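Structural overview for review
For reference, the chains in residue letters:
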Amino acid sequence: MHLLQNIDFLQDPEFGEKVITLMAAFVLVLQIAMVGQRSLIMNIRVFGTQSFLLAAIAAAIAWYNHAPHIYIAAVMTVLIKAILVPILLERLVDRVDIRHEIEPIVNTPLSIVISGGLTLVAYTVAESFYHPEAGPQTGPASLGHNTLAVAISVFLIGFFMMINRRKALTQVLALLSLENGIFLAAICLTYGMPLIVELGVFFDVLVAVLVLGILVYQIRETFDSMDVSKLRRLRG
Amino acid sequence: MILLILLLVPFVGLVGQPLSSVNPAARRTMETANLAAFGITFVLSLVLAAQVLASGPVSLWSGFLYADSLSALVCLLTASVALVCSVYAVGYLREDERSGAFDQEGDTAAAKLRKYYSLTPLFVFAMLLVALANNLGLMWVAIEGTTLASVFLVTFYGKRTSLEAAWKYAMIGGVGLAMALFGTVLAYYAGHRLPASDTIGGLNWSVLAGHAASLDKTTMRLAFILALLGYGTKAGLAPMHTWKPDAYSEAPVPAAAILSSAMLNCALYGLIRFYILTSRCLGPQFPGGLLLIFGMLSMGISVPFILVQRNFRRLLAYHTIDHAGIMVTALGVGGKLASLALMLHMTYHTVAKSLLFLCAGNVSQHFKTDLFDKVKGGVIRVMPVTGAVFLMAMLAIIGMPPFSLFQSEFLILRAAFAGGHYLATALFVLFGTGIFAGALLHVGSLVLGPSDEAPVAVLRPWRDYSMLTLAVVLVVIGFWLPVPLLDLIRGAARVVTGD
């Protein structure tokens, strides 16, 4: 700790902001990679990496803004979203024995163009949170609107992925990545929510993955397929 | 202290779970535990309501748990429905076991019983937490918890259609609640300039509501839109309503009754809390207008589906969508009269809708189908008690005058007209007429008419007495509301208007 405090750039908030923005950009790149990636296992790993980056962003914000409670959220993110959830999902893939490629409804090039468009929308929305004329902002909002824009893009692209995919498991992944966007927004807007809420949200995410995992398994067993477009007996 | 005990009591229902095969003693333990848990929950929610009436809002751990009249009302309604449904469930599940409905697909009978009796306490716990959590984030966690606890109630029978229903329920609910979480994050951000906003109390509703005028307006606008979409999905507002008919028609009837009344209240409760914050921050026009649009849309969409419906449990589900629309409309109209009407309607709807589901459960257990054409009418001759109550409850819910829902709907209309929402009033009447005709036609032909089947003479005590109790309550509140309950409803309406 003492050693770290003597290194100049680790004390420089401007440098910190750049590092955080850079990592946020990587989060967005990974999200778009998920849209383009057709292999299910790779998708799960990209999600794990993305969660890991999120944890790194959280830790960086905690360090540069001296907000120690965010470290706990960072650790929880690594444990649950970067390690536990990918392991659970990969085991599920093994058990249902499906290694088919993801078959998106809109083809890959067009999907990526749409994701780009959603990123533009996100920047427009994030703009309304940015008031440079109000003088140098203090506190959480000072992080600039780049990170927030990335968060909103991840959220919107997650939505798009949910609509664009037919297989049950890939929809679960889309839902999880959408949640990553919300986590990023919470971290960069307000340094995360109060700890008890953060813990509750992590608990819910974990239970949701378990519940959805069991459902995916049952659907696979009963219908002999994970294609949710086959779930259409209930109408009207 | 009462808040904590009230939250923990449902866990009593988890006692006596280990059960490998259905043996009568073990089943009786589970039933007793379930009944005891919800019985105590009901008594405690009465005590809480009395305390709130006597001395104002109750809070625990410096405002971590908090109950004003609105929370107390929602708790009381949740606890009453849970109690009635737990009594009904005893008879319903025994009947299912006898008729062999358990043996078809999926888990064994013992596993199904265990599933029902362990998930309902968790479900009720989550719903009570929604009403008692002061922290908006924790409230979100609890609402998500209600979805997670009830997904496997929807897959209860393990049929293909129940899996489909559960998948839609979990995914649509999950996406919706993700939006609500984003809305909650933004609400927290809107208050980040308030003093002590970074402490644990920074997301407490009572704190935010106290400083609502100084919340960041742009952020709060976006937060409300997201919360409306999110909690609206959970309440089944159109166009996010598609999970509702599926989930309600696949879940076992007592669980469907809880979903359609108590859980709807919880989702609306979340929406009401956000509405109060937003209307104090931005004025009532902005949130009110949005709510009116969603209310009209929900009422309008349910009309054609009710008119052509072939399955009576799905008919009830579209009715719930309609009533969610009515309540959201009342919230959108705003003001003293509409808020009072909203709380009255919430109370009346809870009683009538859960009663309807119990009746539908009796019919579908006897005829082994949910379809109108297969029952072929004449329910009132085959099952005189159920048939009569079914018809009465249907008349009540479509707003026939002697019953209570007429009063509340009339009040909403009056408030909407006085508030100058002429288009909304006209549409309200129009849609109301369509639903009136459709529902009455369907249920009339289901209940009335001749039947070749021999009447069922025996009364099934658990099922029929719980249904009759609720029927008596429905009739009585049409003419006379106990003064303390009316005070509680008035108090809840005052929470919405903020005076």
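In this text, all values refer to a predicted model and were calculated from it rather than measured experimentally.

With that out of the way, let us pick up the overall build of chain A. When you go through chain A residue by residue, the secondary structure sums to eight helices and zero strands. From first element to last, N terminus to C terminus, chain A shows the α and β order α-α-α-α-α-α-α-α. A buried classification covers 45% of the 236 residues belonging to chain A. Of the contacts made within chain A by residues no fewer than 6 positions apart, 75% connect residues no fewer than 24 positions apart.

Another aspect to go through is the nonpolar core. Within the largest apolar cluster, 272 residues are counted, with the highest numbers of intra-cluster contacts made by Leu184 and Ala185 of chain A together with Val130, Val185, Leu355 and Ala393 of chain B. Here the element with the most residues in this core is helix 6 (residues 160–190) of chain B; it accounts for 21 residues. Excluding residues within four positions of it along the chain, Leu355 of chain B makes contact with Ala393, Met467, Leu470, Ala471 and Leu474 of chain B.

So, about the interface of chain B and chain A. The interface is formed by 33 residues belonging to chain B together with 36 residues belonging to chain A. Contributions of two or more residues to the side of chain B that touches chain A are made by helix 5 (136–154) and helix 6 of chain B. If you tally residues by element for the side of chain B that touches chain A, the top one is helix 6 of chain B, at 17 residues. A breakdown of the residues in the side of chain B that touches chain A according to their chemical character gives 20 nonpolar, nine polar and four charged.

Per-chain confidence: chain B averages 86 in pLDDT, with 96% of residues scoring 70 or above. The ipTM for the predicted assembly is 0.86, set against a pTM of 0.90.

Here we take up the environment of Phe102 of chain B. All names here are of chain B. When you line up the elements, Phe102 lands in the loop between helix 3 (69–99) and helix 4 (109–132). C-alpha of Phe102 to C-alpha of Lys112: the two residues are 10 residues apart in sequence and 7.5 Å apart in space. For Phe102, the contacting residues outside a window of four places in its chain are Asp96, Glu97, Ala109 and Lys112.

With that settled, the discussion passes to the environment of Leu259 of chain B. Residue and element names in this part refer to chain B. Structurally, the position occupied by Leu259 is in helix 10 (residues 253–282). Separated by 98 residues in sequence, Leu259 and Thr161 have C-alpha atoms that sit 18 Å apart. Among residues more than four places away in sequence, those in contact with Leu259 are Ser150, Ala247, Tyr248 and Ala251.

All names here are of chain B. In the segment running from Ala238 into Pro239, the intervening peptide bond is cis, with an omega of 5 degrees. The phi angle at Lys368 is positive, at roughly 55 degrees, despite the residue not being glycine. Inspection of the secondary structure assignment puts Lys368 in the loop between helix 13 (335–367) and helix 14 (372–375).

Reading the values: the criteria
Residues numbered from 1 in each chain as written. Chains lettered and ligands numbered in written order. Predicted model: local features only at pLDDT ≥ 70, side-chain atom pairs only at ≥ 80, totals over all residues. Helix = DSSP H or I, 4+ residues; strand = E, 2+ residues; numbered from the N terminus. Buried ≥ 20, exposed ≤ 12 C-beta atoms within 10 Å, placed from the backbone. Contact = placed C-beta atoms within 7 Å. Core = buried A, V, L, I, M, F, W, Y, C linked by C-beta atoms within 7 Å. Nonpolar A, V, L, I, M, F, W, Y, C, P; charged D, E, K, R; others polar. pLDDT = per-residue confidence, 0-100.

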